[in-house]
Amino acid sequence: MLRGLYTATAGMVTQQRRTEMLTNNMANSTTPGYKADQASVRAFPEMLLQRMDNKSPSAKNGMGYYGSTTIGPINTGAYLQEISSQFAQGSLKETGLLSDVALIEEAVPLNPETNVKGALLFAVGNAEGQERYTRNGHFTLADNGTLLSDGNAVLSTTGEPISIQTSNYQIAADGSIYNLDLPPGEQFIAQIDVRFEEDVRNLIKEGNGMYRTANEAPLPTALNDENLRYTVRQNYVENSTVDVGRTYTDMMTAYRSFEANQKVLQAYDKSMDKAVNEIGRL
């Protein structure tokens, strides 16, 4: 009896975690550059049940000894194996803001081990001086001219925070920023650094669309990599990859599955209550 109780409980825990993931996706459906999470639900390995010391005539072997009898396999429930981000290219939205940029992937190679496409990301520095990575191109200018992504300084190809001391600037397709108030030949300010992760399994979400590497090692730059092609487009942002309609449907499915497992759990609870309080009196 308790085996079924554990199976139902495992199903409830799985659907609860899945619902939390879907809720987070829904909350970030309007966050620029947000990559939707996807859950992988797996079943626990099946177990083969055998009846030990079976005294039935069918279990007697040719030497007159009783052995075990195979009953059959049993499944012990499901679990949420992993949650991974889907690094698909999001659609573009024109904003008209000079500081907004969208990172457009043109050629990104597949990982030979996983056959999954790698990821291009902007490099930023957080308040602790650590490198982090994001696809959120909704940049803003601080009062001192520092280019920010959600409060984190956007890094240049030299590894330094980008500072723009003018309101009349242009961002080229390769991420180079130019001060249009200066004469030609003196306009270059900095170039936005774009990094590449070959294996997206090494990226860990930290919230607010930020990622870090599993070993904290910095990602290599995508600049001058012959296998990579991308474009930085000013006045645009990349939309979230969350499919709102599908997410609503998945949330309802997860809720119904949780509810079904809950009813099974309640049924076991009532059976155990009768076994203890009613059958025990006889």
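Residues numbered from 1 in each chain as written. Predicted model: local features only at pLDDT ≥ 70, side-chain atom pairs only at ≥ 80, totals over all residues. Heavy atoms only, no water.

> Please explain the overall build of the chain as it appears in this structure.
From N to C terminus, the chain includes two helices and 19 strands. Counting contacts in the chain only where the partners sit at least 6 residues apart, residues at least 24 apart contribute 67% of the total. Put simply, the chain shows about 16300 Å² of open surface, and 50% of that area lies on carbon and sulfur atoms. (Helix = DSSP H or I, 4+ residues; strand = E, 2+ residues; numbered from the N terminus. Contact = heavy atoms within 4.5 Å. Areas by Shrake-Rupley, 256 points an atom, 1.4 Å probe, with all protein chains shown as cover.)

> Just to check I follow, could you spell out the pairing of strand β16 (residues 203-207) for this structure?
A regular strand carries its side chains on alternate faces of the sheet. Of the pairings in the sheet, the one linking β16 to strand β17 (residues 210-213) comprises four bridges and is antiparallel in character. When the bridges of β17 are listed, L203 appears paired with T213. (Pairing = 2+ DSSP bridges.)

> Got a minute to help me understand the pattern of salt bridges in this structure?
Oppositely charged side chains may form a pair once their charged atoms are brought near each other. For the structure shown, the criterion picks out 15 salt bridges. One salt bridge connects E238 with K35, and the closest N-O pair in it is separated by 2.5 Å. Of this pair, E238 sits in strand β19 (residues 236-238) while K35 sits in the loop between α1 (2-27) and β1 (37-43); the two residues are 203 residues apart in sequence, bridging distant segments of the chain. Pair check on accessibility: E238 and K35 agree, each one buried. Among the ionic pairs, E216 bridges to R212, the shortest N-O distance being 3.6 Å. For E216, a relative accessible area of 44% translates into the label partly exposed. Residue class for R212 comes out partly exposed when judged on its relative accessible area of 22%. (Salt bridge = Lys/Arg side-chain N within 4 Å of Asp/Glu carboxyl O. Buried < 20%, exposed > 50% of the residue type's maximum accessible area, 1.4 Å probe, protein only.)

> Would you explain the environment of A254 in this entry?
In this fold, A254 is placed in helix α2 (residues 244-277). Along the chain, A254 and L22 lie 232 residues apart, while their C-alpha atoms are 9.3 Å from each other. Those residues within four positions of A254 in sequence are excluded, and the remaining contacts are Q15, R18 and T19.

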